[in-house]
Amino acid sequence: MTTTTPEFSHEGFDRVSQHLQALGHPHPAQWLNTPARTCQEAAEALGLQTGQIAKSVIFKRKSDGRAVLVVAAGDQRVDEKKVAALVGPIGRADADFVKTQTGFSIGGVSPVAHLHAPVTVVDDTLFRFTEVWAAAGHPNGVFRCTPQDLLRLTGAPSADVAQQTQAAPSKP
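Attention shifts here to the packing of aromatic side chains. Aromatic rings considered in pairs are described by the distance between their centres and by the relative angle of their planes. The tally for this structure, following the rule as stated, stands at 1 aromatic pair. Taking 5.1 Å as the distance between ring centres and 80° as the angle between the ring planes, the aromatic pair formed by Phe13 and Trp31 counts as edge-to-face. Highlighted residues: Phe13 in helix α1 (residues 11-22) and Trp31 in strand β2 (residues 30-32), separated in sequence by 18 residues. On the accessibility criterion, Phe13 (6% relative accessible area) is buried.

Written as structure tokens, this is what we have:
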């Protein structure tokens, strides 16, 4: 992993950095030399398993238009039915909605420091790891934390919201 200090200010990255510092988080946001817009790119840049990337998935709650943030392991798919059972019916969020609600562009959505506080859930599958990394407001920005830190930093509960993987049928 190669990190540097950004050459100039990046509003989302700066907001996340200040937020983490204000909450006393022990690990500052770091700037990667290459963008990591996907979980796979982030895992490769950091030398981690894909599951150790805490991805932020944004949905739009149908009842009030509020953003719903699911923080999930990078190797998991979010089960929209499970999320809806917790927060009410949800729909997909387009890039404009994500940017307006969070202040971040897709590929750099942090689990913290949103412009408008989302309804948030942290997926249980992250707790397989002692350390995870999340986006820090820009595709080049990341920060290290534990799954427990994510609960503290977001004020969110944890829940089972990952799709169940189907086991391959056994051969006779």
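Additional details are given in the paragraphs that follow.
Topologically, His114 is positioned in the loop between α4 (95-102) and β6 (119-123). Judged by relative accessible area, which is 14%, His114 ranks as buried. Within the structure, the side chain of His114 is placed 2.6 Å from the backbone oxygen of Ser110, a separation counted as a polar contact. Dropping the residues within four chain positions of it, His114 is found in contact with Ile58, Leu69, Gln101, Thr102, Phe104 and Val109.

Cut-off values and rules
Residues numbered from 1 in each chain as written. Predicted model: local features only at pLDDT ≥ 70, side-chain atom pairs only at ≥ 80, totals over all residues. Heavy atoms only, no water. Phe/Tyr/Trp six-rings, centres within 6.5 Å; stacked < 30°, edge-to-face > 60°. Helix = DSSP H or I, 4+ residues; strand = E, 2+ residues; numbered from the N terminus. Buried < 20%, exposed > 50% of the residue type's maximum accessible area, 1.4 Å probe, protein only. Polar contact = N/O pair within 3.5 Å; in protein donor to acceptor, adjacent residues only side chain to side chain. Contact = heavy atoms within 4.5 Å.

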